[in-house]
Amino acid sequence: MAVQRISESVYVGMCLKIGTPQQVASRRDMVDIVEMLINNEMLPTTVMLSGSRREGFRLSGSDRDTMHWLNNHRVIWDFSQCQFYNTQEHALILCDSSESPPGFTLLWLPLERASHGVMSACVRMNGMLYISSSKYRDVTCSLVFPGSSPHGPCGSGIYGDIEYDNAHCFVSDFWPPPASSWIDRCHSWPPPHVVNDIIRNGCHFVAIGHKLGNHTDNEWRISFSQAEYKLVCSMNHTQFLTYGLLKLFLKEIINEGLRDEDKLLCSYHMKTTVFWAIQQNVLPRWCPQNLLVGFWVCFKLLLKWVYEGVCSNFFIPENNMFLSNIYGEAQKTLFTRLYRLYENGIPLLLHSPSIRSYIINVLCNPRLTICTDEHTLISEVEVDEEFFREICINDSIGELDLHMCKKYLHRVEQLLGLPLTQYHIVMLQKLTATILQCTAFILHSMYTNTGSNKQLYIVDKVACRLVKLSAKFGFVSDMLYITMNYYRTLRYRDALSVIDITKVKLAQPCLMYRSHVDIERYTEAVGGQSLSTKMRQAVAETIKLPDEIIYINELSPEQQSSKQNNQHIVYIPPLVLLYMLEFLCSRHVDTLRAQRALDDLQVLVHHDMGELVPVYLRDISWEILGICQQITGNLQAALYSYQQSLRQYPCHKIQTATRQRIQDLHL
């Protein structure tokens with residue numbers, strides 16, 4: 001009975017640490033709709049977020065793992081599958097697994113025809129042309145982010161403050177024959193519709209060979225990332241949290257204090273234990289009361305694998321994932337370490353800082369009532385706060401040009417005809433607002449210097465319509481795009497009218513901006529209403545200025561500086577941008593108001609405690625204050641602001657622009 005109560009308490013703790021069923025579902029849905037929007041068979045490549053973020057985890061230190069593959073290249077398993085493709089449109093690649101360990105293969109180009117990038121990564125073996133995994137890795141490593149470093153099959157680095165792994169791979173529409181036994185094992189889990197969906201979507205091939213294979217530099221690993229995501233989504237929440245608990249167990253207990261080279265187990269091994277445990281039906285009922293029993297079953301399975309030196313891949317059991325590193329002395333050392341933990345029993349989890357308190361809570365209060373209902377675990381405001389933060393993170397549409405914007409809008413139309421969840425709809429709403437905003441400013445930049453007066457008039461009218469429309473279903477702060485549009489077209493009074501309305505909306509006591517929110521006022525104003533209504537009426541978010549578009553000429557040097565340093569978006573707190581625009585517009589029509597706006601901006605930047613000007617956005621906020629001060633001729637104040645900008649965390653990498661501005665002050 002005590003274990004059941006502790007399990008319930010740990011379940012509650014894990015929901016708070018990892019997410020409730022609702023939160024996890026919303027994260028997955030948001031990523032799904034972004035991918036449905038940006039991926040199109042007419043495009044050269046497909047992009048898929050993979051790894052723990054895609055699965056719904058938001059643990060600190062998690063990388064952003066992304067897979068990219070060419071749409072006009074397809075891998076087949078035998079020549080009979082050629083009939084499904086037009087070889088004029090698709091480069092066909094044939095698997096040759098004859099000399100590779102289970103789970104790995106060589107990729108042969110029988111027709112010796114492929115894209116230039118693929119051909120440049122080919123090698124000849126026995127007179128035949130094969131795509132070398134190591135060469136392809138070198139060719140593609142920095143395609144997405146220049147300056148990336150090779151890491152396993154990926155190109156890795158840091159973008160802003162997010163670590164990323166980009167894997168360029170190949171896709172097969174067919175389920176791999178070496179994994180055919182997996183289909184036969186699926187009696188109880190996953191359900192038939194999930195099995196069919198997984199088989200229908202085939203597999204991928206990532207650029208890494210087996211360390212002990214005959215062709216390490218040229219082999220490819222068969223990847224089941226897409227299948228694994230579908231399996232994780234088919235778990236119930238207790239199973240998902242068991243997986244999360246194993247990840248924490250690995251990070252905070254097993255690997256704690258070890259050097260990177262001594263960490264033999266990884267998160268993928270934890271995921272594999274959960275898959276096997278669920279499919280082998282070792283626990284009849286996965287529920288909050290059995291969370292720790294499920295964890296213990298998985299731990300014992302892992303211990304057995306380490307003892308035997310065999311960790312069978314879930315899809316291709318013949319692939320022993322311990323073969324290359326968990327053997328000999330390393331295996332013995334790891335087993336000893338794990339067995340000592342095993343001897344402690346469930347109390348070993350007291351070593352985990354993430355869940356220790358939830359165990360102690362029950363031990364110290366045996367009669368404590370524990371409620372595992374997700375609606376009592378976390379308030380509506382906290383759920384909304386995370387949801388809108390996720391929207392902001394996922395609000396990205398990749399390439400920005402008029403042709404792509406048109407395609408995206410057409411795709412939005414198509415998606416609206418599908419059955420969508422509320423999370424899909426709100427994410428799509430915000431993405432549509434972003435597409436409309438980008439379209440408006442791209443149109444302006446295309447015709448400003450080249451169009452006739454008539455063209456400019458039409459473009460201005462269309463752009464104005466687009467930004468106004470975007471403000472109807474975006475965040476409250478999206479009204480600032482209307483202001484930027486008016487400022488760009490010299491309509492200062494119109495811009496100031498919108499600023500007056502926006503200022504009132506941003507000053508609402510119920511407004512949520514990141515974690516800054518008055519819970520009572522917010523609940524009173526929009527509690528219980530749809531997420532769409534909340535977003536439009538009571539939520540502000542940081543304004544994003546992608547480097548492909550110049551929104552405000554005065555910020556052009558900062559955008560260029562960011563771009564040169566691989567930071568492709570400038571993020572500005574909404575109030576900072578509002579005061580800047582009010583200052584810039586008022587200069588032309590009301591000098592007293594311009595001074596008031598500058599004073600307001602100065603007070604905000606100097607005295608805000610991280611609520612309206614987040615700490616990581618202080619570099620651009622001080623920069624904007626300096627720009628406005630320099631425009632008024634207050635060079636001493638501008639110098640101080642620029643120096644302050646240089647002292648902040650360099651989120652935007654705008655130091656080149658800042659130093660140039662300081663230099664200009666001394667001329």
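As a starting point, this report considers the structure included with it. Everything numeric here is computed off the predicted structure, so don't read it as measured data.

## Quick word on the overall build of the protein chain
Thought 1: Counting its secondary structure elements, the protein chain contains 28 helices and 16 strands.
Thought 2: Whereas a compact globule of 667 residues would reach a radius of gyration of roughly 26 Å, the protein chain reaches 28 Å, a difference of no more than 12%.
Thought 3: Dimensions of the protein chain, computed from C-alpha atoms along their principal axes, come out at roughly 80 × 75 × 50 Å.
Thought 4: Of all 667 residues assigned to the protein chain, the portion counted as buried reaches 56%.
Thought 5: Taking the intrachain contacts of the protein chain between residues at least 6 apart in sequence as the baseline, contacts between residues at least 24 apart amount to 69%.
Thought 6: Element-wise, carbon and sulfur atoms account for 53% of the exposed surface of the protein chain, whose accessible area totals about 29,500 Å².
Thought 7: The protein chain carries 60 positive and 65 negative side-chain charges, and their two centres are separated by 2 Å.

## Description of helix H19 (residues 479-488)
Thought 1: Of all the 10 residues making up H19, nine are buried; the element is thus mostly covered by neighbouring parts of the structure.
Thought 2: Looking at H19, one finds that the buried residues are Met479, Leu480, Tyr481, Ile482, Thr483, Met484, Asn485, Tyr486 and Tyr487.
Thought 3: If you follow the buried residues of H19, they end up packed against helix H17 (422-447), helix H18 (453-473), helix H20 (492-506), strand S15 (543-546) and helix H24 (574-586).
Thought 4: A positive phi of about 65 degrees marks Leu490, the residue just after H19.

## Digging into the packing of helix H15 (residues 380-394) against helix H22 (residues 531-538)
Thought 1: Axis separation between H15 and H22 bottoms out at 12 Å; the angle between their running directions is 75 degrees. With respect to their mutual orientation, H15 and H22 come out roughly perpendicular. Packed against H15, whose contacting residues are Glu380, Asp384, Phe387, Phe388 and Ile391, the element H22 presents Leu531, Lys534 and Met535 at the interface.
Thought 2: Here the contact of H15 with H22 is built from residues that sort into five nonpolar, no polar and three charged.

## Considering the pairing of strand S3 (residues 73-76)
Each regular strand carries side chains that alternate between the two faces of the sheet.
Thought 1: Burial of S3 is two-sided: the residues His73 and Val75 facing one way and the residues Arg74 and Ile76 facing the other way are all buried.
Thought 2: Here four bridges tie S3 to strand S4 (residues 91-96), and the two strands are oriented parallel to one another. Looking at the pairing, Val75 lines up with Ile93 of S4.

## Observations regarding the pairing of strand S11 (residues 203-206)
Thought 1: With burial as the criterion, each face of S11 is covered, one bearing Cys203 and Phe205 and the other bearing His204 and Val206.
Thought 2: Where strand S10 (residues 162-172) lies against S11, three bridges are found, and the strand directions are antiparallel. Following the sheet pairing, Ser172 is matched in S11 by Cys203.
Thought 3: Where S11 lies against strand S12 (residues 220-223), three bridges are found, and the strand directions are antiparallel.

## What to know about helix H11 (residues 291-308)
Thought 1: Taking 1.5 Å of rise per residue, the 18 residues of H11 would be expected to cover 26 Å, and the 26 Å separating its terminal C-alpha atoms lies within 8% of that figure.
Thought 2: Where burial is concerned, most of H11 is hidden: 13 out of the 18 residues are buried.

## Notes on the packing of aromatic side chains
Thought 1: Scanning the entire structure with this criterion turns up 36 aromatic pairs.
Thought 2: Ring centres of Phe314 and Phe315 lie 5.4 Å apart, and the angle between their planes is 80 degrees; this geometry places the pair in the edge-to-face category. By the burial criterion, Phe314 is buried, and Phe315 matches it.
Thought 3: Plain terms: the ring middles of Tyr487 and Tyr492 are 5.9 Å apart, the flat faces sit at 50 degrees to each other, and that makes the pair tilted. Per residue, the accessibility class of Tyr487 equals that of Tyr492, and both read buried.
Thought 4: Each member of the aromatic cluster is reached from another via a ring pair, and the members are Trp175, Trp182, Trp189, Phe224, Phe275, Trp276, Phe314 and Phe315.

## Considerations on the state of the cysteines
Thought 1: Tallied over the entire structure, the rule returns zero disulfides.
Thought 2: Looking at the unpaired Cys585, the closest cysteine sulfur is the one in Cys628, lying at 11 Å.
Thought 3: Of the residues examined, Cys585 reaches a relative accessible area of 0% and is grouped as buried.
Thought 4: In this model Cys651 remains outside any disulfide bridge; the closest cysteine sulfur is found in Cys392, 12 Å from its own.

## Re the packing of helix H2 (residues 21-38) against H17
Thought 1: At a minimum axis distance of 8 Å, the contact between H2 and H17 shows a crossing angle of 40 degrees. Accordingly, the angle class assigned to the pair H2 and H17 is oblique. Crossing of H2 against H17: the hand is right-handed. Side by side, H2 and H17 meet where Gln22, Ala25, Ser26, Asp29, Met30, Asp32, Ile33, Val34 and Leu37 of the first sit next to Tyr423, His424, Met427, Leu428, Leu431 and Ile435 of the second.

## Looking at the environment of Leu16
Thought 1: Along the chain, Leu16 falls in helix H1 (residues 2-18).
Thought 2: Judged by its relative accessible area of 44%, Leu16 falls in the partly exposed class.
Thought 3: C-alpha separation for the pair Leu16 and Val603, spaced 587 residues apart in sequence, amounts to 37 Å.
Thought 4: Not counting chain neighbours up to four residues away, the residues in contact with Leu16 comprise Tyr358 and Leu377.

## Brief notes about a nonpolar patch on the surface
Thought 1: A grouping of Tyr457, Ile458 and Val462 is seen on the molecular surface, where their side chains present a nonpolar patch of about 280 Å² in accessible area.
Thought 2: Looking at where Val462 falls in the secondary structure, it is placed in helix H18.
Thought 3: Val462 gets classed as partly exposed once you look at its relative accessible area, which sits at 31%.

## A closer look at the side chain of Lys534
Thought 1: Along the chain, the position of Lys534 falls in helix H22.
Thought 2: You can call Lys534 buried: its relative accessible area is 3%.
Thought 3: There is a polar contact of 2.8 Å between the side chain of Lys534 and the side chain of Asp384.

## Examining the pattern of salt bridges
Thought 1: Going through the model one piece at a time under the given rule, you end up with 26 salt bridges.
Thought 2: The partner of Arg593 in a salt bridge is Asp500, and the shortest N-O contact between them spans 2.7 Å. Within this pair, whereas Arg593 is found in helix H25 (residues 591-607), its partner Asp500 is found in helix H20, the two being separated by 93 residues in sequence.
Thought 3: Classification of Arg593 by relative accessible area gives buried; the value is 13%.
Thought 4: The class for Asp500 is partly exposed, based on a relative accessible area of 37%.
Thought 5: Residue Lys503 is joined to Glu582 by a salt bridge in which the shortest nitrogen-to-oxygen separation is 2.9 Å. Taken together, the positions of Lys503 in helix H20 and Glu582 in helix H24 put the pair 79 residues apart, joining distant regions of the chain.
Thought 6: Salt bridges linked by common partners bring Asp500, Lys503, Glu582 and Arg593 together as one network.

Conventions used here
- Residues numbered from 1 in each chain as written.
- Predicted model: local features only at pLDDT ≥ 70, side-chain atom pairs only at ≥ 80, totals over all residues.
- Heavy atoms only, no water.
- Helix = DSSP H or I, 4+ residues; strand = E, 2+ residues; numbered from the N terminus.
- Rg over C-alpha atoms; globule rule 2.2 N^0.38 Å.
- Buried < 20%, exposed > 50% of the residue type's maximum accessible area, 1.4 Å probe, protein only.
- Contact = heavy atoms within 4.5 Å.
- Areas by Shrake-Rupley, 256 points an atom, 1.4 Å probe, with all protein chains shown as cover.
- Lys, Arg positive; Asp, Glu negative; His and termini not counted.
- Charge placed at Lys NZ, Arg CZ, Asp CG, Glu CD.
- Axes fitted to C-alpha atoms, helices over the stretch in contact; angles between N-to-C directions.
- Parallel < 35°, antiparallel > 145°, perpendicular 65-115°, else oblique.
- Nonpolar A, V, L, I, M, F, W, Y, C, P; charged D, E, K, R; others polar.
- Pairing = 2+ DSSP bridges.
- Expected span 1.5 Å × (residues − 1).
- Phe/Tyr/Trp six-rings, centres within 6.5 Å; stacked < 30°, edge-to-face > 60°.
- Disulfide = S-S within 2.5 Å.
- Left-handed = near helix turned anticlockwise from the far one by under 90°.
- Patch = residues over 30% accessible without salt bridge, like charges linked within 9 Å, V, L, I, M, F, W, Y side chains within 5 Å.
- Salt bridge = Lys/Arg side-chain N within 4 Å of Asp/Glu carboxyl O.
- Polar contact = N/O pair within 3.5 Å; in protein donor to acceptor, adjacent residues only side chain to side chain.

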